[in-house]
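# Residue-level structural notes
In case you want the letters, here they are:
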Amino acid sequence: MVLKIFFPQCCNRADSGLLVGRWISSQDSAVVLAVIHYPFIPGHVKQYIQQVSMQAKSGVELSVLGSWSLPKDGQEGMESFLRDLSTIFPQERWLQINREVGKMGFTCQVLQRDQSKTLILDIHWLYTVALELSDGLPPQNYKSSLTCPSSPLIQMFQTVANSQPLFFLDRYDDGPLKSTHWQTEGREASIIVELLKQACIPLCMLIGWLLSIWTWICNIRIFSLYPLRFLSSKLSTCVQLSYRTEYMRLLSSPKPAAGHTQFMRKANIVVSFLVDVALGMLLIWWLYRDNHITMLANTLVPAADHVAKELDELLQWLMGAPAGLKMNRALDQVLGRFFLYHIHLWISYIHLMSPFIEGILWYGGLSACLGLTFALSLLSDMVALLTFHIYCFYVYGARLYCLKIYGLSSLWRLFRGKKWNVLRQRVDSCSYDMDQLFIGTLLFTVLLFLLPTTALYYLVFTLLRLLVVLFQGVLHLSVDFINSFPLFAMSLRITRPYRLAEGVKFRVLCEEPGTALHLLMEINPLKCSAVVQTYRTPTYSCYPKDSWAALVKKLFVGELIYPWRHKTTKTD
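Residues numbered from 1 in each chain as written. Predicted model: local features only at pLDDT ≥ 70, side-chain atom pairs only at ≥ 80, totals over all residues. Heavy atoms only, no water.

Turning our eyes to something else, we now look at the overall build of the chain. Scanning the chain from terminus to terminus reveals 17 helices and 13 strands. Each of the 572 residues in the chain was classed as buried or not, and the buried ones make up 42%. A total of about 32000 Å² of accessible surface is found on the chain, and carbon and sulfur atoms cover 65% of it. (Helix = DSSP H or I, 4+ residues; strand = E, 2+ residues; numbered from the N terminus. Buried < 20%, exposed > 50% of the residue type's maximum accessible area, 1.4 Å probe, protein only. Areas by Shrake-Rupley, 256 points an atom, 1.4 Å probe, with all protein chains shown as cover.)

If you want it as structure tokens, here you go:
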């Protein structure tokens, strides 16, 4: 008969005493959870185990499994003394695990109630991480070796997870009994964590009160009007504010985390928020040091003038013979003067706002105290406002180009005796008379010869628009990265990889003659890519997820490409 004993590594140097744990009869195995050190009073031990069993979850019955002996000077009779305690703690089996100083192997025996039989056991020597793994079992979407619910490993993990009161009774002081388990060394950290929990209660109440006021303000009827609602859904700062409000409401909730996934989600949000605010304060320190805001304000207007000058030269080049191309003179002059007029309007707008630019930058920089993401979102909105004339050029060119493309395609179907059936959304046959074909031929010829001029203006302003969208895309990707990247999970993966486990593996640790076989269980941590995929915080993306083929098709037919997506669409 072979028994399996799960023994934590943190106890292999513990002082002699009693083994506390649970027998798993169906698997012929035992899970050692702690070692109660000598000296002790057996009555106190029974009371201690009874108290733990009452607080533990159902299905877990803890008991004294046997004795642990690590002889030291002056404790020659300790082994026999601990063996005699089997009469005080009656069990069907009484484990005796002995270790000599300087040796790797254990001497393991089990005594039946009548002490008539001694068995050599097959010992699985486990790291402390095997116990800590109960807090972070592999995610359900990852396969591991722990798939059978009746396997000894699953039984061991469930025993540890359901025996948390055993580890928490002495987290602040030793009490009447001194024990060793996998959380013994974290007593100072437990005290700090408990103090932080108590300090977070009034903080969460304050955040909840502020959120209620903010929600009341947002629900005012004037903010639900269509223009304001439309602008708030398109401005990056408003989207980021709604995102931050949602997750502050989640953090300030009095309900504890329902499970490991929700706990990791809250922890990632807290760490991301702290990092975001720290980066924002660093940005504020740089902006308001050495008068950098005034320098930026003094640079902005000359930069706008330079951009306007370059656009003016570009339009003058397009109004001539760009790259030697022969354009339609009349249409070329009309489009060029139309866009030049918009450039002059934009320059007048910039010079009208120039006295207020420094104040706008000064007060806008204060938004970084809410986090770097707010500063980046505000920068994206400012770029959108400063390049509004480029957006107008793009819209005018795209609409005119799209009108001609769809006109040419419709007239091409007319030549082939076809037409587009709007009701059935398909192309049907149709007969046309001579007048319709004549007018269609004239219109097709006019649109075809005007298309190169329109396409050239559309191509130039589309490239300028794509440059602006690319810059805004970098800003939004930075904001989404700070909001969604699981910093806490990734730092936990680097510092304590056993807390995010994908599976386990065994290797032979010691195989000495006359001793039990010792196997060392090691944790297979999740890969970094799996950590990011599993614990990434869902965010509101502001950019469409069109494929490259769909993007090229939109550009070819002249459909508008908007740098936003409705806030109701949530991406993971």
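What follows picks up the thread again.
With that out of the way, let us pick up a nonpolar patch on the surface. A cluster of nonpolar side chains, Leu203, Leu206, Trp209, Leu210, Ile213, Trp214, Trp216, Ile217, Ile220, Ile222, Leu225 and Leu228, forms an exposed patch at the surface whose accessible area comes to about 1100 Å². Considering every element that reaches the nonpolar patch, the biggest residue donor is helix α6 (residues 187-218), with eight residues. For Ile213, the location among the structural elements is in helix α6. The exposure class of Ile213 is partly exposed, given its relative accessible area of 32%. (Patch = residues over 30% accessible without salt bridge, like charges linked within 9 Å, V, L, I, M, F, W, Y side chains within 5 Å. Salt bridge = Lys/Arg side-chain N within 4 Å of Asp/Glu carboxyl O.)

What follows concerns the environment of Val468. Mapped onto the elements, Val468 comes out in helix α14 (residues 434-484). Considering only alpha carbons, one finds Val468 and Ser380, 88 residues apart in sequence, at a separation of 9.8 Å. Beyond its immediate chain neighbours, meaning those up to four positions away, Val468 contacts Val383, Thr387 and Ile390. (Contact = heavy atoms within 4.5 Å.)

Next up on the list: the UniProt feature "transmembrane region" (unreviewed entry) in the chain. Following the UniProt record, the feature "transmembrane region" (unreviewed entry) maps to residues 206-226, 269-288, 334-353, 360-387, 393-415, 436-460 and 466-489 here. Counting secondary structure, residues 393-415 comes out at 100% helix and 0% strand; the distance between its end C-alpha atoms is 33 Å. (UniProt positions renumbered as here; feature names shortened; annotations may be inferred.)

Before going further, it helps to examine unusual backbone geometry. For the bond running from Tyr38 to Pro39, omega is 5°, close enough to zero to count as cis. Structurally, Pro39 can be placed in the loop between β3 (29-37) and α1 (42-55). For Asp290, which is not glycine, the phi dihedral falls at a positive 60°. Considering the arrangement of structural elements, one finds Asp290 in the loop between α9 (260-287) and α10 (292-319). Of the residues examined, Asp290 reaches a relative accessible area of 53% and is grouped as exposed.

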